[in-house]
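Next come the chains, spelled out residue by residue.
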Amino acid sequence: MLSIEHLSKSYAQNSVKAVDDLSLELQPGEIFGFLGPNGAGKTTTIKALTGILPFEAGRIRIAGHDIVTDSIAAKMNFGYVSDSHILYDKLTGREYVDFMADIYGVSLELRKTRAENLLEKFQLKDAFDQPIKSYSHGMKQKINIIGALIHNPKLWVLDEPMTGLDPQSSFELKNLMREHCKEGNSVFFSTHILEVAEKLCDRVGIIFKGKLMTVGSLEEIKAQAHDESLEEIFLSVTGGTQA
């Protein structure tokens, strides 16, 4: 579903690579948690795999499509929720979701059904026809998620998706992630909340200073670390740096 091969990315005037020779594979039906402290390279990796940032070396394929040489096909197969939801504030929630649905060629019937389902889950029905500029931070996160998922992509790429969500909406999003993967799709998400990763993910990877330090199922990683908790493993791998 997602293949990253020897990805490297540097920023100008910085001798240290933001992402350094990172490789990983994400299989259909898998929830993958991407963990690391601030500045570790999580968001840079995500922006590279979504085609937002160019990179110097490596190859990224989504559902078999190269993000550089076959970018449109690759982008049609994922939905992306950024860590800083940038929205068109002058649009209503409905206009924004329709705009996203138009981009991905979602029929009127399908978008109506999917939007109603997601609006119900995220308790956003009453605000759907209001301007996004009137939304709270949490409401903006919800409409951002709905817009990203309206085309039911094979791969969900979620950068800190729980930020700003109330407990009920976080619960619904986690259920949606599980349901999505049961249908043979995949979820790649970053999070600071280690408890969420521990309960939700099939596999996790920990990145630190641009390098993927460890990757595997929680059972595999814990076995290598002699049954330490994920928090203890995280702190050990990152030299005591908090998530």
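Residues numbered from 1 in each chain as written. Predicted model: local features only at pLDDT ≥ 70, side-chain atom pairs only at ≥ 80, totals over all residues. Heavy atoms only, no water.

**Student:** Got a sec to walk through the overall build of the protein? Specific residues and values, please.
**Tutor:** Helix and strand counts for the protein come out as nine helices and ten strands. Relative to the 2.2 N^0.38 estimate, which gives 18 Å for 243 residues, the radius of gyration of the protein is 18 Å and therefore close to what a compact globule would have. Projected onto its principal axes, the C-alpha positions of the protein cover 50 × 40 × 35 Å. Across the 243 residues of the protein, 50% fall into the buried class. Put simply, of all contacts in the protein between residues at least 6 apart along the chain, 67% involve residues at least 24 apart. If you sum the accessible surface of the protein, you get close to 11,600 Å²; carbon and sulfur atoms cover 50% of it. For the protein, the distance from the average position of its 26 positive side-chain charges to the average position of its 33 negative side-chain charges is 4 Å. (Helix = DSSP H or I, 4+ residues; strand = E, 2+ residues; numbered from the N terminus. Rg over C-alpha atoms; globule rule 2.2 N^0.38 Å. Buried < 20%, exposed > 50% of the residue type's maximum accessible area, 1.4 Å probe, protein only. Contact = heavy atoms within 4.5 Å. Areas by Shrake-Rupley, 256 points an atom, 1.4 Å probe, with all protein chains shown as cover. Lys, Arg positive; Asp, Glu negative; His and termini not counted. Charge placed at Lys NZ, Arg CZ, Asp CG, Glu CD.)

**Student:** Lay out the sheet that holds strand 7 (residues 155–159) with the relevant residues and their values.
**Tutor:** Ordered by their spatial adjacency, six strands build an open sheet running 6-7-8-3-9-10, and the pairing between neighbours is mixed. Where the open sheet ends on each side, the last strands, each with one partner, are strand 6 (78–81) and strand 10 (211–216). Ignoring strand direction, the axes of neighbouring strands in this sheet form an average angle of 15°. Here strand 7 runs beside strand 8 (residues 186–190); their pairing, made up of five bridges, is parallel. (Pairing = 2+ DSSP bridges. Axes fitted to C-alpha atoms, helices over the stretch in contact; angles between N-to-C directions.)

**Student:** I'd like a rundown of unusual backbone geometry, residues and numbers included.
**Tutor:** Unlike most non-glycine residues, Q123 shows phi in positive territory, near 55°. Its location among the elements puts Q123 in the loop between helix 4 (108–121) and helix 5 (137–149). Residue classification places Q123 among the exposed residues on the basis of a relative accessible area of 56%. Look at K209: it is not a glycine, yet its phi comes out positive at around 50°. Counting through the fold element by element, K209 comes out in the loop between strand 9 (203–208) and strand 10. Using a relative accessible area of 61% as the deciding quantity, one classes K209 as exposed.

**Student:** Break down a nonpolar patch on the surface for me, with residues and values.
**Tutor:** Among the surface-exposed residues, Y88, F99 and I103 lie close enough to one another that they form a single nonpolar patch of about 300 Å² accessible area. Note that I103 resides in helix 3 (residues 93–103). For I103, a relative accessible area of 46% corresponds to the partly exposed category. (Patch = residues over 30% accessible without salt bridge, like charges linked within 9 Å, V, L, I, M, F, W, Y side chains within 5 Å. Salt bridge = Lys/Arg side-chain N within 4 Å of Asp/Glu carboxyl O.)

**Student:** So what's going on with the nonpolar core? Which residues, and what values?
**Tutor:** If you look at the biggest cluster of nonpolar residues, it comprises 48 residues, and the most contacted ones within it are I143, M177 and F189. Among the elements that line this core, the one with the most residues is helix 5, at five residues. Ranked by size, the runner-up nonpolar core spans 24 residues in total, among them L22, L49, I60 and V157. (Core = buried A, V, L, I, M, F, W, Y, C linked by side-chain atoms within 4.5 Å.)

**Student:** I'd love a proper account of the pairing of strand 10, names of residues and values included.
**Tutor:** Both strand 9 and strand 10 contribute to a ladder of five bridges, which runs antiparallel. The residue bridging V204 from the neighbouring strand is G216, located in strand 10. In this structure, the hairpin formed by strand 9 and strand 10 is closed by a connection of two residues, where K209 is found at a positive phi of approximately 50°.

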